[in-house]
Amino acid sequence: MNLNFHISYQTTFGEEVVLNVVCNKGAAHESIVKYPMTTLDGMHWTCSLGALPKSSASTVHYFYSIERAGSTIHAEWQLQLHRLEWSDEKSYSYTTYDQWHAVPEDAYQYSSAFTDCMKRRSLARFVAGGAKKSLRLVVFAPQLREGQYLYLVGSHVLLGAWNTDKALAMTEQSYNEWIIELDLEQLVCTHIEFKFVAKTPSNEVIWETGYNRHVELPVIKDAGVVTYELSQAFFPLNNERVAGTLIPVFSLRSKGSFGVGDFGDLKQMIDFVAATRQRVLQVLPINDTTTTHTWTDSYPYSCISIFAIHPQYVDFRQLPALNDAAEKKQFEQLRAELNALPQIDYERVNDAKIAYLKALYAQEGSQVLKSDAFKVFFEEEGKWLVPYAQYCYLRDLYGTADFNSWKSHKVWNENDRKSLSSPTAKAYKDVAFYYYVQFVLSVQMQSAHEYAKAQGVILKGDIPIGVSRYGCDVWMEPHYFNMNGQAGAPPDDFSVNGQNWGFPTYNWDEMLKDGCAWWVRRFQNMSKFFDAYRIDHVLGFFRIWEIPIDSVHGLLGQFSPSLGMTREEIEAYGLHFQEKQFTRPFIADWLLERVFREHTGLVKEKYLVHEHDDIYRMHPDYDTQRKVEAAFEGKTSEVDVWIRDGLYSLISDVLFVRDRKEPHKFHPRISVQHDFVYEALYDCDKEAFNRLYNDYYYRRNNQYWYYEAMKKLPKLVEATRMLVCAEDLGMVPDCVDWVMKQLRILSLEVQSMPKDPSVKFGQPSGYPYRSVNTLSSHDMPTLRQWWDEDIDRSQEYYNSMLYRGGAAPHPMPGWLAEDIIMRQLESPSMLCVLSLQDWFAIDENLRLQDQNAERINIPANPKHYWRYRMHVNIDDLLVDNPFADKLRNMIQQSGRN
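Presented here is an overview of the structure given in this document. None of these values were measured; they are calculated from a predicted model.

Secondary structure assignment for the protein chain yields 27 helices and 35 strands. The C-alpha atoms of the protein chain give 31 Å as radius of gyration, which agrees with the globular expectation for 897 residues (29 Å, within 12%). Burial status across the protein chain gives 57% buried among its 897 residues. Sequence-distant contacts, at least 24 apart, represent 72% of the contacts inside the protein chain between residues at least 6 apart.

What follows covers the nonpolar core. Leu266, Tyr435, Trp519, Leu647, Phe656, Leu723 and Leu831 are the most contacted members of the largest nonpolar core, which totals 231 residues. Top contributing element to this core by residue count: helix H8 (residues 426-454), with 14 residues. When neighbours within four sequence positions are excluded, Phe656 is seen to be in contact with Ile570, Leu575, Phe577, Phe582, Thr583, Phe666, His667, Pro668, Arg669, Phe689 and Leu692. With 28 residues, the next largest nonpolar core counts Ile180, Ile192, Val215 and Leu237 among its residues.

Burial within strand S6 (residues 59-68) is extensive, with 9 of its 10 residues counted as buried. Both strand S2 (residues 15-23) and S6 contribute to a ladder of 8 bridges, which runs antiparallel. Among the inter-strand pairings, Leu19 is bridged to a residue of S6, identified as Tyr64. Bridge analysis of S6 against strand S8 (residues 82-85) gives 4 bridges, and the strand direction is antiparallel.

A word on the packing of aromatic side chains. Applying the stated criterion to the full structure yields 78 aromatic pairs. Note on Phe307 and Trp384: the rings are 5.7 Å apart at their centroids and 20° apart in plane angle, and the pair reads as stacked. Taken together, the residues span a long stretch of sequence, with Phe307 in the loop between strand S20 (280-282) and helix H4 (325-339) and Trp384 in helix H6 (residues 372-398) at a distance of 77 residues. On the numbers, 5.8 Å between centres and 55° between planes, the contact of Trp508 with Phe541 is tilted. With Trp508 in helix H10 (residues 508-513) and Phe541 in the loop between strand S24 (532-535) and strand S25 (544-548), this residue pair connects regions lying 33 residues apart in the sequence. When sorted by exposure, Trp508 lands in the same class as Phe541, which is buried. Linked through ring pairs, Trp545, Phe559, Phe577, Phe582, Phe656, Phe666, Tyr678, Phe689, Tyr693, Tyr696, Tyr697 and Trp705 together constitute an aromatic cluster.

This next bit is on unusual backbone geometry. Geometrically, the link from Ser560 to Pro561 is a cis peptide bond, its omega value of -5° lying close to zero. Among the secondary structure elements, Pro561 is positioned in the loop between strand S26 (558-560) and helix H12 (567-571). Positive phi, normally seen in glycine, also occurs at Asn24, with a value near 55°. Its place among the elements puts Asn24 in the loop between S2 and strand S3 (31-36).

The next subject is the packing of H6 against H8. Where H6 contacts H8, the axes come no closer than 8 Å and their chain directions differ by 125°. One way to sum up the angle between H6 and H8 is to call them oblique. In this structure, H6 crosses over H8, and the sense of that crossing is right-handed. Residue composition of the contact of H6 with H8, by class: 16 nonpolar, 3 polar and 3 charged.

A separate point is the sheet that holds strand S35 (residues 831-835). Across the sheet, which stays open at both edges, the 8 strands sit in the order S32-S24-S21-S20-S19-S35-S34-S33 with parallel pairing between neighbours. Two strands in the sheet have a free side with no partner beyond their single neighbour: strand S32 (723-726) and strand S33 (747-750). When the angles between neighbouring strand axes are averaged without regard to direction, this sheet yields 25°. Against the sheet, helix H24 (residues 814-825) touches strand S19 (242-246), strand S34 (771-774) and S35, its axis set at about 150° to S35.

Under the definition given, this model contains 53 salt bridges. Residues Glu181 and Arg136 are paired through a salt bridge, measuring 2.8 Å at the closest nitrogen-oxygen approach. Here Glu181 is found in strand S14 (residues 177-183), whereas its partner Arg136 is found in strand S10 (residues 133-140), with 45 residues between them in sequence. By relative accessible area, which is 4% here, Arg136 ends up buried. Between Glu477 and Arg521 there is a salt bridge, with the nearest N and O atoms lying 3.2 Å from each other. Taken together, the positions of Glu477 in the loop between helix H9 (472-476) and strand S22 (481-489) and Arg521 in helix H11 (residues 517-526) put the pair 44 residues apart, joining distant regions of the chain. Among the residues examined, Arg521 registers a relative accessible area of 23% and is labelled partly exposed. One connected set of salt bridges, linked through shared partners, spans Asp262, Asp265, Asp315 and Arg317.

Parameters and conventions
Residues numbered from 1 in each chain as written. Predicted model: local features only at pLDDT ≥ 70, side-chain atom pairs only at ≥ 80, totals over all residues. Heavy atoms only, no water. Helix = DSSP H or I, 4+ residues; strand = E, 2+ residues; numbered from the N terminus. Rg over C-alpha atoms; globule rule 2.2 N^0.38 Å. Buried < 20%, exposed > 50% of the residue type's maximum accessible area, 1.4 Å probe, protein only. Contact = heavy atoms within 4.5 Å. Core = buried A, V, L, I, M, F, W, Y, C linked by side-chain atoms within 4.5 Å. Pairing = 2+ DSSP bridges. Phe/Tyr/Trp six-rings, centres within 6.5 Å; stacked < 30°, edge-to-face > 60°. Axes fitted to C-alpha atoms, helices over the stretch in contact; angles between N-to-C directions. Parallel < 35°, antiparallel > 145°, perpendicular 65-115°, else oblique. Left-handed = near helix turned anticlockwise from the far one by under 90°. Nonpolar A, V, L, I, M, F, W, Y, C, P; charged D, E, K, R; others polar. Salt bridge = Lys/Arg side-chain N within 4 Å of Asp/Glu carboxyl O.

This is the structure:
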């Protein structure tokens, strides 16, 4: 048997093309065998093999890569591997002529969101025809939609003689990849002329665009197969645009839920989305966040495990009933009480659901843990499940998630795994309840996922950029995290002091050593539950805003990694660098009077130390924001808050912050132009500083951050077939757009936060196709709130964006919300996903009267209570014909059907 591989790729001196055969694809022991190729001209590369590796199956997957000096510098797109169907018949030869698979512009068509949820065509195994001499034609046709199949028709009588009724059916052997085998001995010609057509079961025919295709037929001496991979087939089909809804799972409400949204409610919401001709249901993170068992755990972006699901989402309706009649009645009364509340009572709900789960575990647990389904689950998920269960047990045993204060097990010990995995061991029995809970949750969420796919609905999840400082992930693999810093975000329209999330930052040097395996596992786990995802704060993969551990606000942060500035570089801008004056808080009499007024004397006496003239420094007992925070803990009077916040502002009143890793380098402090130290500069120094500041934040690091992101994101994007979307708002450097376009990641477009700094409002008609368009997110005011926040801004929007004259009405009437939403739906964006609250805005009879009760989160408040819950039962929405009809009509009119 001979196998001959051919590909055309223009290389440069020192580069070579390598054939990579994937053995045992999809198995735990998947491996790659490399075969160098040869060339005579640097363009046409070949490789001949007498056999394939013994572990190769009858379907061989392979890809090409470019190497230099033994290192891979570029490889084909890993989500579109080549494949060859072969047999071990010794007399056969196989010859392939392949095309290089770069990341296609329409890479989204290969995502599970499109293939599994929207197109829903079943793949078929290609079966060779058995001809002695055959030609296989392979072509990609990603535009085909649900119910459309690819056919070949041509001039030859065996190809239908251009009669589409006699066209030859092709086989979709992989997503969007179609193949057909022709018997060369029957064709009896030297070349064929043909085209591809798309057909439906009702015989509707769509011809591919462009000229007829011509293929010279190969000459095969004995017996063999020649495969030609052809250029993509294009059809006159418009880009698919769909609509969707954003709602956290915890915010869902049905008549049967238990005071918080659950996975049963999620299925009902999928029904509503499908009934209104929407195709996307986006949720917030569903990970477990339990550290204190109090309402502060309601923050869904502070997960303790990137794998574990929050127990509050369990749907008891899908589980056996409690056998104890009295206990069952008591829980039902409590369920009805909690479900009637307008908002979530996080502590009561979670206490009740955990108690119910423990009662159910005592009743059913032993049988469940003996089931085959659980054993499969444990085998697949044990790597993270076992440490997570022990973490939860120890957290509750010691009454704190701060593992540094535990009497023992301050870090995960892999040696414990054996006893924790043995059903007869005491350690196993201590933690088995947590195994049971995660098994139940996984089964229910996967069921909801399968239900969504069957309904043609894309479930879109959310990947938080950070993890809890005292979570299981940090406890289990501390080498992946930097504990001496805090992740956050620089100041923006939502928070003038920046955001301090409190998460540890990532040790990317360690993560890159194993190819970002932690992140790959995270994404692959998520693909079990979702077909699309949003990368929260994608800027964190370029650089994260790292805040000192002793800071409360985010103003003293710096981008990490980033290129700090030396004294010489700073002075090259014309600014004389005074290290002591510029890196320590600037505190003078005149600014103290402006900040503290009548309390200035108290502040000087207790919190400051006089240095010279009218200059002061912070007292050592209060020289960090954390020290000030501790001193004012529990003090809530207006004067105390005034003084505390004033001291915070003094501590952050510096012109430069010192680099964390290289103390001789510095970073201009973010937003310092609004502070006193900047105000005190001479005008010429302000001008020099502003030039330095703009260069540093918008130009200096662009190439550096581009390469940082390209070390990480390609591995993660190719880890699954989920549709990749990113939240790219805020202080966005130019390199973010470069990377997102290169990796075909969908951007986020919000009209009130335009990407173009020269305009006040974004223009929906100008949004790119590869984007998600929305009016508000969970971190923003709803449409109705935004409308009433700033009357002048609303008036300008009313006149300039809606082209309406006169005074803008307040509060927002339903007809106006409908007009604004229609303009979003009509945008070119692939996805238009609106919050449920904004959908409700169009119906004055349905929406809440108090628009402020619809807000999910206030980013400026790091201790916000996440408790919003929709005020209408989904059961009633499904029968509320006027509202559902209006949504269906709007979506149909906008072409998002």
